[in-house]
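So you can see what is in the structure, the chains are spelled out below.
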Amino acid sequence: MNVAEVAGLTVRYGGATALDGVDLTVAEGDLVALIGPNGAGKTTLVKALSGLVRPAAGRVTVRGRLAQVPEGREMFGDLSVDDNLRLGGWRNGRGGRDTTEIYRLLPALDGLRRRRAGLLSGGEQQMVAIGRALMARPDVLVVDELSLGLAPLVVTDLIAHLRTLNAERGLAVLLIEQNARLALDLCRRAYVLEAGRIVLHGPADDLAHNQRVTAAYLGGPVR
Amino acid sequence: MSDFLGYLLTGLGIGAGYALVASGLVAIHRVTRVVNFAQGAFAVVAAMLTSSLLAAGLPHGFAELTGVLTAALAGLLVGLVAIGRPGTTPGTSLIITLGLGIFAYAIEIVIWGDQPRSFAGVPGVAVVGGARLQAHYLLILAVTVPVFLAMAAFFARTDVGKALSACASNPYAALVVGIDVRRMGLLAFALGGALGGLAGVLTTPVQQVTFDSDVTLLVNGFAAAILGGLTRPVVALGGGLLLGVAQTLIAGYGGSAYQLEVALVLMLAVMIVQASRRGAVPEPAR
């Protein structure tokens, strides 16, 4: 079953078309990558999935819960890490805002509970953003630009967490990435978005060897 | 010495009124980025209504509470008009609140006329450490202090309080986690209305109210709030008290004609200094 399904999605900002007839599915427990250059419409797709922009045409269907790790991490900078996490459970109601489970899943956050989120390092903030999204108890996690501005070691650690969450809890992940190699390594399936249209999709392994993908996103052919 | 203590306590009482108006401005500005020019009108409406209710024979306490709740409702209405339409910029909303503040004059004059009104507060004179002052000033402090403590607890301890702070800190992230930012803005306006209304009902027994009393309250409240960049409630509280004390001391030892000028000079000085550093109203840290 698909936890998230986008069919013929078109989004316009004023006269500009950001997305043009996009089809994309994320199945239960799936690991899906969405790659593409800056300005291709990736973040618009994230916003459409989260219901933050209205489609001009097409359908967005989300079965179960979808939570978003937004681009740029978007901390509540003046609030503590624990408050950031708590508010991630806002939709759950008062009974669903206990953060204990998140500290078990992401032990690195445990020592940072009382720290102001705005003062953390980029990697720590990304961890908080993931924890905050997990608070919503999602079936599918949409991660927008996980690696942006982070050191490679930090990214490796975060990827390992996503892999574990996927394997152990069946959490589906839609990873939106400029770093195509990273995304194709982690995910099973992938879509390539260019100028608002899906130009390629298929198993991640196939795309990793596709000439067009290697030339545009992986810095030349794979040896 | 006892003169000084008297001026100090009186000043704190007056300053508590400014602090309440200021914290209302801060509550609204933090969440919505709107400087609410109708803030003084909440105080006037609450005070006028309370005076009518008391004149009609309703008991103290009930009359004041009705005044404050009505001011909260007025705050909600101002909020609905000012930010209710999605996509309204804070600048546009500011002009709307200015318009509503002036519109309030018309309503107030139609209902209550243009003469000053007042009502009795705590009667008599209190003697504190040899200083004599109107006992009502002590009531102002006795109400304001717990109100500020309750507000601090509300923002620090409750999820709704945290959600309000979250909207102030990062409205986009608030949307992402499912907080209705517009509703939180309306809640902030209602809270601002209640705080303004409380200032009005508390200070009217020692300071008569007319339809245009809002200007004095707004100027003083804004001067106190701008000290903390319109985003820090505790600084606004301190600023309000300081302003009240400074004015009372100047009136006591100098001339009472200069009271409002103190606020204006302070406000301009703070804004010029802050603007030269980083803009008078800094964006909160992310």
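Conventions used here
In this convention, every chain numbers its residues from 1, walking through the sequence in written order. Lettering of chains starts at A and numbering of ligands starts at 1, both following the order in which they are written. Two thresholds apply to this predicted model, a pLDDT of at least 70 for residue-level local features and 80 or more for giving and counting side-chain atom pairs, whereas whole-chain, interface and lining totals are computed over all residues. Derived side-chain values reflect all non-hydrogen atoms in the structure, with water molecules and hydrogen atoms excluded from consideration. Where each domain begins and ends is defined by an automated method or by a domain database. The criterion used for residue contact is that any of the two residues' heavy atoms lie within 4.5 Å. Put simply, buried area is the surface a 1.4 Å probe can reach on two separate parts but cannot reach once they are joined, added for both. Note on definitions: salt bridges are taken to be side-chain nitrogens of Lys or Arg within 4 Å of carboxyl oxygens of Asp or Glu. Every helix listed is a DSSP run of H or I at least four residues long, and every strand listed is a run of E at least two residues long, numbered separately from the N terminus. Between buried and exposed lies partly exposed: a residue is buried under 20% and exposed over 50% of the maximum accessible area for its type, with that area taken using a 1.4 Å probe on protein chains only. Only the stretch in contact is used when fitting a helix axis, every axis being a line fitted to C-alpha atoms; angles between N-to-C directions are given from 0 to 180 degrees. Our angle categories are set so that under 35 degrees counts as roughly parallel, over 145 as roughly antiparallel, 65 to 115 as roughly perpendicular, and the remainder as oblique. Crossing handedness: left-handed means the near helix sits turned counterclockwise from the far one by under a right angle, and right-handed means the same turn made clockwise. Residues were grouped as follows: Ala, Val, Leu, Ile, Met, Phe, Trp, Tyr, Cys and Pro as nonpolar; Asp, Glu, Lys and Arg as charged; and all remaining residues, including Gly, as polar.

All names here are of chain A. Under the domain assignment, chain A is made up of domain 1 (1–64 + 139–223) and domain 2 (72–136). For domain 1 and domain 2, the distance between their C-alpha centroids amounts to 24 Å. Each partner contributes residues to the interface: domain 1 has 13 residues there, and domain 2 has 13 residues. The contact between domain 1 and domain 2 buries some 990 Å² in all, and 71% of this surface belongs to carbon and sulfur atoms. Taken together, domain 1 and domain 2 are joined by one salt bridge.

A separate point is the pattern of salt bridges. All names here are of chain A. Following the criterion strictly, the structure yields twelve salt bridges over all chains and no others. Two residues, R104 and E101, come together in a salt bridge whose shortest N-O distance is 3.3 Å. Taken together, the residues R104 and E101, both in helix 3 (residues 100–105) and three residues apart, mark about one turn of the helix. Its relative accessible area of 56% is what places R104 among the exposed residues. Residue class for E101 comes out partly exposed when judged on its relative accessible area of 32%. R212 is the salt-bridge partner of E194, the closest N and O atoms lying 3.2 Å from each other. In this pair, E194 sits in strand 8 (residues 189–194) while R212 sits in helix 8 (residues 211–217), placing the two residues 18 residues apart along the sequence. A relative accessible area of 22% means that E194 is categorised as partly exposed.

Residue and element names in this part refer to chain B. At a minimum axis separation of 8 Å, helix 2 (residues 39–55) and helix 9 (residues 214–227) run at an interaxial angle of 135°. Accordingly, the angle class assigned to the pair helix 2 and helix 9 is oblique. For the pair helix 2 and helix 9, the sense of crossing is right-handed. Residues Q39, G40, A41, A43 and V44 of helix 2 form the contact with helix 9, whose participating residues are D214, L217 and L218. Looking at the contact of helix 2 with helix 9, its residues break down into five nonpolar, two polar and one charged.

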